[in-house]
Structures are given as C-alpha cells and as structure tokens.
Amino acid sequence: MARAFLFVLDSFGIGGAPDADAYGDLGADTLGHIAEQCAAGVADRPGLREGPLALPHMRSLGLAEAALAASGNIPSGWELASRPRGIHGAADETSHGKDTPSGHWEIAGQPVMFDWGYFPDDGAAFSDDLVAAIVSEGDVPGILGNCHASGTEIIASLGAEHMRTGKPICYTSSDSVFQIAAHEESFGLDRLIRLCETVRRLVDPLNIGRVIARPFVGTPEKGFDRTGNRRDFSVLPPGPTLLDQVEASGKRVFAVGKIGDIFAHQGVTNLRKASGNPALFDATLKAAQEARDGDLVFTNFVDFDMLYGHRRDVPGYAAALEAFDARLPAFAKLLKPGDLVIMTADHGCDPTWRGTDHTRERVPVLGFGPGIAARSIGIRKGFSDIGATVAAHLGLSPLANGRSFL
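Treat the numbers as computed from the prediction; the structure is a model and nothing was measured.

*Asks:* Account for the overall build of the chain, naming residues and giving values.
*Replies:* A tally of helices and strands in the chain yields 13 helices and 14 strands. In terms of principal-axis extent, the alpha carbons of the chain reach across some 60 × 50 × 40 Å. Of the roughly 15400 Å² of accessible surface on the chain, a fraction of 50% belongs to carbon and sulfur atoms. Considering the chain, the positive charge centre built from 38 side chains and the negative charge centre built from 50 side chains are found 6 Å apart.

This is how it looks when you write it as structure tokens:
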C-alpha cells in the first residue's frame, strides 16, 4: 500500500483563471506578481529577504512550467526547468466561490455548485433581527463593528471599546463568513467559542459558509495581536469527501492546521493544531513519522493567506514561500517507497491586487514521491482531480467527482 500527503499552500494562485473576469479578478496572479516585484527589487525588506524569488525545490518539480501553462507567463527572473522532477500542472476551480471551504472541498472531491449566502456590502452587514438574536441568545450586551472590515484594522480601532463594554467585534468580508473578534482574557476564549457556536446556528438559514472565532490579546496602550486560537465553524461539505473515504477504509486522516475546522471535523481521525507555517510544518513532519500505509496527511499552510495575502504584504508572502521551499528536503527524507505528495492551493490572494480579498486564479498542482514518474498533467478541469488522484493512489473507490492523473 501507500501513504498520501496533501499540502494546501493557502491562497498560492498562479493566475490565468478562465472565469476571473466574472469575479473582478482578470489579471490577478499571486505567484506572477510576487515574482515580478521580487525581480524588480521592490520586495526587498531588510532583515527578511532580498532579490529574485528563490523557490529552487518547487521550481525543480515544475512550478515554472505550471505557471506558464496557467497564465502564459514564466515568473520574472525564472527559467523553465531543464527536466522537471515532479508531476506538474495547474487546475481550474469549478466551485461558485473563491473561498476556503469551496476550494478545499473541491480538492477533496466535492465542488460547491450552489451559491453561498453573503452579507451586504453597504450599510450594516447584519440585520437588526440577526443582531437582536445574537444579543439575546449569545448573552452579550450588544455588538461592535457590523460591517465589512480587515480583521487587524477593526481590532485596532475597536479593541479598546470592546474591552470597556464587553461587546464582541463582529464583521464580515467578501467571503461567506461571520467573524467574531474578542479578547481572550477580558471576554474569555471559552465564551467566544460558545458565542460562535450560537451564531453558527443562527446563520445556518442564511447559508453562511463559516463563523470564525478571532481571539486576540494585548492592551489599548501597547496594541493588540491575534492569537493562534482561531476556530472556524463550517457547514458540512455537500457530500462524502476524500477524508470520508479514507476513514471508511479503516485508515487515518491526519488533519493539520485548520483542515479539521474546514471539513467540520467530518472524516478527520487525528487532529493536529498548530499556529503559523513553521509550527504547521513541524506538525506535518511529526505526522509523517507516525503515518502508516493507507493514511492521509492533509495540511493547510495558512500564513500565506492570513498574514500576507490579505494584508497585501509582498515581501512577507515571498519570504514565507522561500521558507516553506527551504524545508521541503527535510520532509522528502521522511518519504517511503510508494508515498505520494501533492502540493496545491485553494484559491488566490494576489498581494498586489486591489482590496484585501481572495482572487480567482488557477492553482498549481505539483506532485512527487519515490517512484512517482515526472510529467506534465496540463490544465485540470477541476480541483477534484487532486482528490481523485489521492483516492486512486490509496486504492480507494473513485470519488463522486474528478479524474485521477496517475
């Protein structure tokens, strides 16, 4: 038998989505624009990074070839590999959204072919009836925010008032999401989690994808910082996923990072929480040492999106990519004959793009492992081909959607 490792580099799009214009994202290219700014010297940051974008290990697998197939362009400062060492290509998203659950569920074989519910862009984001229900059933004195906002900015502006009044900070974005920020100490982490569980139930009729707990610490005088105790409360996927298939086979699914929350813990047998890409990589290495034949290790590397994409931080995003790439050899040493690794993304979040939201892009598909033949897989018409490939590799029954490229 074999093991499988599925890495989602959250938001690492490579441009070229055929329907990008419908989402207002025509021309968005997360990898392409990061490489362009790095090559031009405008993504240098003293003490962090400098020079052209350096991803030698992913480039050797065929990342430049994947980018060329996706967008028609080779990233600035790069050349095509003389002989790519891995499976390489790109995939179109067929789901209706460009959000985290849609991308992950489609990767796992369940594209989202319905429309999520969203909150209004103008005026109050949440209706008076919803706010009244939250106040009553959540046992809070009121809410702050009630708007579209950047999480770090709204905490900075309303954190002091939140601590003074005890009112949670509630906001949304262009995604189908209700976010609640509260101070871990003055409001209480357990209380925040209970409030999110209440709001999850209240917004179910609105078809809202996620309710997210955004705890933070700090003081008005010294500033506030979000902690690693974030929790996502998602609705269930629309049908059985790759994770369910692995679990039904009697094998284990190691869900590293926010994978468990994204799948509402359905099909998850072994949960590994960690905060930040370095800790997530550490947890993945540990899971790889424990995984047995037939197991799946599924990791989401969230910093690319949360810390750098949404904050439009090009040097930070570039440095995070370079740090991730540098650790791949250590992971590769843990692989056994028959193992398969696939690296991909769930959507884009071009840090040079207008606004602060996700971008509709194709995503890279890079695969490798002992005995895995290197080849181009072209443009896959759906992320579900990734899940179908993992299922085939593990000897599972075919998923409801997708075609294996093995």
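*Asks:* Residue-level account of the packing of aromatic side chains, with values.
*Replies:* Here the structure, examined in full by the defined rule, presents 15 aromatic pairs. Plain terms: the ring middles of Phe-119 and Phe-178 are 6.0 Å apart, the flat faces sit at 75 degrees to each other, and that makes the pair edge-to-face. Here the residue Phe-119 occupies a position in the loop between helix H4 (100-107) and helix H5 (128-138), and Phe-178 occupies one in strand S5 (residues 177-183), the gap between them amounting to 59 residues. Here Phe-119 matches Phe-178 in class, with each residue buried.

*Asks:* Before we move on, could you go through the sheet that holds strand S13 (residues 363-368) and cite the residues and values that matter?
*Replies:* On the basis of which strands lie adjacent, the open sheet formed by 8 strands has the order S10-S9-S11-S1-S12-S13-S2-S14 and mixed pairing. The open sheet has two free edges, formed respectively by strand S10 (270-272) and strand S14 (375-380), since each of these has just one partner strand. This sheet shows a mean twist of 15 degrees between the axes of neighbouring strands, independent of strand direction. Here strand S12 (residues 340-344) pairs with S13 via 3 bridges, running antiparallel. Among the inter-strand pairings, Met-343 is bridged to a residue of S13, identified as Leu-366.

*Asks:* Lay out the side chain of Arg-362 with the relevant residues and their values.
*Replies:* Inspection of the secondary structure assignment puts Arg-362 in the loop between S12 and S13. Reaching out from Arg-362, the side chain makes a polar contact with the backbone oxygen of Ala-70 at a distance of 2.9 Å. Within the structure, the side chain of Arg-362 is placed 2.5 Å from the side chain of Asp-92, a separation counted as a polar contact.

*Asks:* Please set out H4 residue by residue, giving values where relevant.
*Replies:* For H4, the buried fraction is high: 8 of the 8 residues fall into the buried class. When we look at burial in H4, the residues that qualify are Thr-100, Pro-101, Ser-102, Gly-103, His-104, Trp-105, Glu-106 and Ile-107. Where H4 is buried, its residues touch strand S1 (4-9), strand S6 (210-219), helix H9 (259-262), strand S11 (296-301), S12 and helix H13 (384-393). Trailing H4 by a residue or two, Gly-109 shows a phi angle of about 100 degrees, which is positive.

*Asks:* Explain the pattern of salt bridges to me, using residue names and the numbers behind them.
*Replies:* Close approach of charged atoms allows side chains of opposite charge to pair. Tallied over the full model, the rule gives 22 salt bridges. Among the ionic pairs, Asp-295 bridges to Arg-252, the shortest N-O distance being 3.1 Å. In this pair, Asp-295 is assigned in the loop between helix H10 (277-290) and S11 and Arg-252 in the loop between helix H8 (242-248) and strand S9 (253-256), connecting sequence segments 43 residues apart. In this structure, Asp-295 and Arg-252 share a single accessibility class: buried. Connected via shared salt-bridge partners are Asp-175, Arg-210, Arg-230 and Asp-232.

*Asks:* Before we move on, could you go through the nonpolar core and cite the residues and values that matter?
*Replies:* Among the nonpolar cores identified, the biggest contains 85 residues, and Leu-242, Phe-324, Phe-331 and Met-343 are the most heavily contacted of them. The biggest single contributor to this core is helix H12 (residues 314-332), with 8 residues. Here Phe-331 is in contact with Phe-5, Phe-7, Phe-281, Thr-284, Leu-285, Ala-288, Val-341 and Phe-368, once residues within four sequence places are set aside. Counting 24 residues, the second-largest nonpolar core is a separate cluster that includes Ile-143, Cys-170, Ile-180 and Leu-192.

*Asks:* Which residues make up a nonpolar patch on the surface, and what values do they have?
*Replies:* On the surface, Leu-68, Ile-74 and Leu-80 cluster together into a nonpolar patch covering about 210 Å² of accessible area. Relative to the helices and strands, Ile-74 is located in the loop between helix H3 (63-71) and strand S2 (87-91).

*Asks:* Could you give an account of unusual backbone geometry, naming the residues involved and the relevant values?
*Replies:* Glycine aside, negative phi is the norm for most residues, and most peptide bonds take the trans geometry. For Ser-11, which is not glycine, the phi dihedral falls at a positive 85 degrees. Tracing the backbone shows Ser-11 in the loop between S1 and helix H1 (30-39). The phi dihedral of Asn-146 is positive, around 55 degrees, even though this residue is not glycine. For Asn-146, the location among the structural elements is in strand S3 (residues 144-148).

Rules of the game
- Residues numbered from 1 in each chain as written.
- Predicted model: local features only at pLDDT ≥ 70, side-chain atom pairs only at ≥ 80, totals over all residues.
- Heavy atoms only, no water.
- Helix = DSSP H or I, 4+ residues; strand = E, 2+ residues; numbered from the N terminus.
- Areas by Shrake-Rupley, 256 points an atom, 1.4 Å probe, with all protein chains shown as cover.
- Lys, Arg positive; Asp, Glu negative; His and termini not counted.
- Charge placed at Lys NZ, Arg CZ, Asp CG, Glu CD.
- Phe/Tyr/Trp six-rings, centres within 6.5 Å; stacked < 30°, edge-to-face > 60°.
- Buried < 20%, exposed > 50% of the residue type's maximum accessible area, 1.4 Å probe, protein only.
- Pairing = 2+ DSSP bridges.
- Axes fitted to C-alpha atoms, helices over the stretch in contact; angles between N-to-C directions.
- Polar contact = N/O pair within 3.5 Å; in protein donor to acceptor, adjacent residues only side chain to side chain.
- Contact = heavy atoms within 4.5 Å.
- Salt bridge = Lys/Arg side-chain N within 4 Å of Asp/Glu carboxyl O.
- Core = buried A, V, L, I, M, F, W, Y, C linked by side-chain atoms within 4.5 Å.
- Patch = residues over 30% accessible without salt bridge, like charges linked within 9 Å, V, L, I, M, F, W, Y side chains within 5 Å.

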